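Coordinate analysis (summary)
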Amino acid sequence: MVNKATRPADPFIGQDLWNIQLQNGQLKHFLTIEGLGSDMLTQILDTAESFAGVNESVKKVPLLRGKTIVNLFFEASTRTRTTFELAAKRLSADVLNINISTSATSKGESLLDTLHNLQAMQCDMFIVRHADSGTAHFIANHVAPHISVLNAGDGRHSHPTQAMLDMFTIRRNKGADFGGLRVAIVGDILHSRVARSQIHALNTLNTGDVRVVAPRTLLPKGIEQMGVSVYHDLQEGIKDADVVIMLRLQKERMSGALLPSEQEYFQLYGLTEETFAAAKDDAIVMHPGPINRGVEIASSIADGPHSVILDQVTYGIAVRMAVMSMTLGHNGKREAQA
Amino acid sequence: MSRMHIKNGRIIDPANQRDEIADLFIDGETIAAIGEAPVGFKAQETIDAKDHWVIPGLVDLCARLREPGQEHKADILSETRAAAHAGITTLCMPPDTDPVIDEPAVVDLIQNKAQAAGFSKIATLGALTAKLKGEHLSEMAALKQAGCVGLSNARHDIQNPLVIRRAYEYAATHHITVFIEANNAQLSNQGCAHEGAVATRLGLPPIPYAAETASIAFHLELIAETGVRAHFCRLSTARSVEMINHAKSRGLKISADVAAHQLHLTEMDISSFNAQCHVLPPLRTQRDMEALRHGLSAGIINSICSDHQPHENDAKLAPFPSTEAGISALESLLPLSLKLVENGQLDLSSAIASITYEPARILGINAGTLSCGAIADICIIDPKQDWTLQADSMQSRGKNTPFAGWHFSGRVSHTIINGRLI
């Protein structure tokens, strides 16, 4: 039977650049920071602030009781998947964890098949991580209209909940006005979805000075067009910074001829007591984890008084609770109206 | 033998610098006369072409028909029919079929299928190296004898430069043109988008300019040294146009083409992860697109081709990097070429030459003109007809096009192949 109302061909056909994350101005999916205004980001941070208390004392609220949330991970992850799971459970949702190795379903057909199968199990939200940039957008474009999609990292493109927990961490430490802040992001910008999302978030929140620090081999072309100034020297790049964000350096970058050795990288870009002295006295050090001690960061810094790395992990739960409740809460409203 | 009279049409034949309203007479498979009917000519069929353009049938330098090997995407019958419908009377097929076009039997198979289909004619490119593996030379002379109009390694990289040099020497010995898709696979590094601000923002693996330009520079040196006649396929960068221009002024026997989509789309068109705009070489910047248009109007780029790559829907239903590259493009070749004329970026005669006479000359085939005695491959166009391209209405089995919803002026009303109305 041919249903003329549904169009089996690619829904991208004739599609203009519209922001599928928003429906009637409300957050429906959370795919990327791009396209969300400072008021929306602030709303996420404020909502997360209200959940931070839940985390510390009450532990559980019934907000998403009866909702089913699927952690759909096509790429290995411990921290992100766990904090999403905890966040969902603290909101009283049912959680399903599905880990699919990318090699088993590298073709879109089976990706869509997987989605359709899960959809048939009456899920309400997909939290997706995938090695291909654009996967979260692709899935959001193909799921049933009642499902929300949260991007837990797609290729090198976007990792918006990580960026928001980083903004939350900065706000808790430096206050709500980002205008006077200097933030330096150091390391493998080229392969980093975290850096891209952080840059969007920092600029949307009107951060005074956003910098990236890396050798040319780890910087994507045209990065300055995203609103950053580019530095190749660590001390110059983090000079008088309020926030220093270190990125993880993957071991395979050595074999790809991007860098000569871990030793040389640590010498030039590793954050040590000595190099960190260039930043402001009250600067904080952040890292999305997992950290490589002695590669991008010295243990004395990672475990030192300026480090907020473990706070980031804690805040991650509150931020993810905020985004889940905002996207599904919106669904609830829609259902009530219908 | 059938006789046809096409009357009152505006005959545009760049090869003969003809642009006038006249009658055209076909006798059997060939054009018998233009203007006055031959003595005793009696038409069995008459086409009134008043207010229409009568141009040579289009010759497309690159169309993948998916047969043999990928019949789930398309086949020779479906694609030659779609081509004929779009005014294309000859298609040139690269050798990357399965099996590869590296022996006469495969050429015969393709020609038999094309003849049985009875629509557009197919010209084949033979493999430059056996199985396209870049290790051993193909049997070039045998392929030429079987009817291959040129040799190519398609987009398959040849790692060993010595193999390329020897292949060019051997091709030059037999006066065979080599068709080069300039791409350094290591520099492309499995990328899927132009290296620039858009790919950076979207986090898509990038393909730098140098993947194309370093390869062109390398091939130009070997062409100069071996004296082989060479054609550069699907240029995508401004620098490539400069390099081809410089090499031509040095006196090298080279020509070049551009895919029609490269003249209308840029990297901006992928910015919503639109997989329909996933093509190789990738869409580049506005500046590159303008340089390609200029290269065409200046005659540095000789031809516009479709770079037709039909796909089943599933091939584009995946996250952008995992989708298959290419556009189902036969039916947009003429419209996109005429759009350049409409927009004042190319004069009508050059536009028509670039899809008829020039590609025929590059392939060395008897086509692309309306000379008396030429094979009667003709396309008749209603230039006033406004229409909208719709993917579902395309004749090709591949519905993958980024041009769905585009408005065009001018549409094919009749296609004549070997004197026969299709």
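Residues numbered from 1 in each chain as written. Chains lettered and ligands numbered in written order. Predicted model: local features only at pLDDT ≥ 70, side-chain atom pairs only at ≥ 80, totals over all residues. Heavy atoms only, no water.

Description of the domain arrangement of chain A
Residue and element names in this part refer to chain A. Keep this limit in mind: Each domain's limits were defined by an automated method or a database of domain assignments. The contact rule is simple, with two residues in contact once any of their heavy atoms fall within 4.5 Å. Once two parts are joined, some of their accessible surface, as seen by a 1.4 Å probe, is lost; buried area is that loss totalled over both.
Domain boundaries assigned for chain A yield domain 1 (17-158 + 314-337) and domain 2 (160-308). One C-alpha centre belongs to domain 1, the other to domain 2; they are set 26 Å apart. Counting from both sides, the interface comprises 33 residues of domain 1 and, opposite them, 24 residues of domain 2. Summing the contributions of domain 1 and of domain 2, the shared interface buries around 2,500 Å²; its carbon and sulfur component is 63%.

Thoughts on helix α2 (residues 104-117) of chain B
All names here are of chain B. Operational definition: Numbering of helices and strands starts at the N terminus; helices are DSSP runs of H or I of at least 4 residues and strands are runs of E of at least 2. The length a helix should cover is 1.5 Å for every residue beyond the first. Accessible area is worked out with a 1.4 Å probe on protein chains only. A residue is then buried under 20% of its type maximum, exposed over 50%, and partly exposed in between. Comment: arc refers to directions from the helix axis out to C-beta atoms.
Under the 1.5 Å per step criterion, the end-to-end length of α2 is 20 Å for 14 residues, consistent within 8% with the ideal 20 Å. Within the sequence span of α2, burial applies to V106, V107, I110, A114 and A117. Across the axial projection of α2, the buried residues extend over an arc of 100°, all falling on one side. Those residues of α2 that are exposed and aimed more than 90 degrees away from the buried face are N112, Q115 and A116. In this structure, the buried residues of α2 make contact with α1 (76-85), β7 (88-93), β8 (121-127) and α3 (140-145). Directly beyond the C-terminal end of α2, a positive phi value near 80° is found at G118.

What about the environment of B:S396?
Residues and elements named next belong to chain B. Where we set the bar: N or O atoms closer than or at 3.5 Å make up a polar contact, with two conditions inside protein: a donor-capable atom paired with an acceptor-capable one, and, for residues adjacent in sequence, both atoms drawn from side chains.
If you trace the backbone, S396 turns up in the loop between β16 (378-388) and β17 (407-417). Note on S396: relative accessible area 0%, which makes it buried. Remark: the alpha-carbon pair of S396 and E79, spanning 317 residues in sequence, is separated by 5.5 Å. Each residue touching S396, except ones within four places of it in the same chain, is listed here: E79, A82, H308, P310, S328 and E331. For S396, the side chain forms a polar contact with the side chain of E79, separated by 2.6 Å.

With respect to the packing of aromatic side chains
How we decide: Each pair of aromatic rings taken from Phe, Tyr and Trp, with Trp reduced to its six-membered ring, is defined by centres within 6.5 Å and is described as stacked if the planes are under 30 degrees apart, edge-to-face if over 60, and tilted in the remaining cases. Comment: the charge-over-ring label is applied if NZ (Lys) or CZ (Arg) is within 6 Å of the ring centre and within 35 degrees of the ring normal.
Tallied over the entire structure, the rule returns six aromatic pairs over all chains. Ring plane angle 65° and centroid distance 5.0 Å describe the contact between A:F168 and A:Y315, whose orientation is recorded as edge-to-face. Here A:F168 is found in helix α5 (residues 160-174), whereas its partner A:Y315 is found in helix α12 (residues 309-337), with 147 residues between them in sequence. Across the pair, A:Y315 and A:F168 agree in class, each one buried. Of the aromatic side chains, those joined through ring pairs into one cluster are B:W387, B:F403, B:W406 and B:F408. The aromatic ring of A:F84 is capped on one face by A:R320, whose charged end is 4.8 Å from the ring centroid.

Side note on the pairing of strand β6 (residues 148-154) of chain A
All names here are of chain A. Put simply, the rule reads: For two strands to count as paired, DSSP must find a minimum of two bridges between them. Orient the strands so they point away from the viewer, and a crossover whose first-strand-to-second-strand path over the helix runs clockwise is right-handed.
Burial analysis of β6 places seven of its seven residues in the buried class, the great majority of the element. Note: strand β5 (residues 125-130) against β6, five bridges, orientation parallel. If you follow I127 over to β6, its bridge partner there is L150. A crossover connection joins β5 to the parallel β6 through helix α4 (residues 135-142); in handedness this β-α-β unit is right-handed.

Structural notes on the sheet that holds strand β14 (residues 254-259) of chain B
Two strands in a sheet stick together by hydrogen bonds in their backbones, pointing the same way (parallel) or opposite ways (antiparallel). Residues and elements named next belong to chain B. Worth spelling out the cut-off: Axis definition: a line fit to C-alpha positions, over the contact stretch in the case of helices; interaxial angles, taken between N-to-C directions, run 0 to 180 degrees.
Pairing is parallel in the open sheet, where eight strands are placed in the order β6-β7-β8-β9-β10-β13-β14-β15. Sheet topology places β6 (58-60) and β15 (303-305) at the edges, where each strand pairs with a single neighbour. Between one strand axis and the next, the sheet turns by 30° as a mean value, whatever way the strands run. Note that β8 and strand β9 (residues 150-152) share three bridges and pair parallel. When the bridges of β9 are listed, L125 appears paired with G150. Strand contacts of α1: β7 and β8, with the helix running at about 135° to β7, the strand carrying the most contacts.

Side note on the side chain of B:R293
Residue and element names in this part refer to chain B. Under the convention used in this document: Neither His nor the chain ends contribute to the count of charged residues, in which Lys and Arg are positive and Asp and Glu negative. For this document, the term salt bridge refers to a Lys or Arg side-chain nitrogen within 4 Å of an Asp or Glu carboxyl oxygen.
Counting through the fold element by element, R293 comes out in helix α9 (residues 286-297). Of the side chains with opposite charge, E290 comes closest to the buried, unpaired R293, at an N-O distance of 5.5 Å. With near-sequence residues (within four places) excluded, R293 lies in contact with L263, H264, L340 and Q345.

Considering the sheet that holds strand β4 (residues 94-99) of chain A
Residues and elements named next belong to chain A. With parallel pairing, the four strands of this open sheet are ordered in space as β4-β3-β5-β6. Looking at strand neighbours, the two that pair on one side only are β4 and β6, the edges of this open sheet. Neighbour-to-neighbour, the strand axes of this sheet turn through a mean angle of 15°, independent of strand direction. Along the sheet face, α4 touches β5 and β6 and points at about 165° away from the line of β6.

Overview of the state of the cysteines
Two cysteines whose sulfur atoms are joined by a covalent bond form what is called a disulfide. Residue and element names in this part refer to chain B. Quick reminder of the rule: Note on terminology: disulfide denotes any pair of cysteine sulfur atoms within 2.5 Å.
In the structure shown here, the tally under the stated rule is zero disulfides over all chains. The structure places no disulfide on C192, whose sulfur is separated from the nearest cysteine sulfur, that of C277, by 13 Å. Classification of C192 as buried rests on a relative accessible area of 5%. The thiol of C379 is unpaired, and the distance to the nearest cysteine sulfur, on C305, comes to 17 Å. Among the residues examined, C379 registers a relative accessible area of 0% and is labelled buried.

Quick word on the domain arrangement of chain B
Residue and element names in this part refer to chain B. Along its sequence, chain B is organised into domain 1 (3-53 + 376-421) and domain 2 (57-363). With 31 residues of domain 1 at the interface, the matching set in domain 2 holds 48 residues. Between domain 1 and domain 2, a total of about 3,100 Å² is buried, with carbon and sulfur atoms accounting for 63% of that surface. Ranking the residues of domain 1 by area buried against domain 2 places Q395, R397 and N400 at the top, with a combined share of 23%. Among the ionic pairs, R397 bridges to D75, the shortest N-O distance being 3.0 Å. There are 20 residue pairs in polar contact (both at pLDDT 80 or more) connecting domain 1 and domain 2. Of all elements in the fold, only β1 (3-13), β16 and β17 reach the threshold of two or more residues within the side of domain 1 that touches domain 2.

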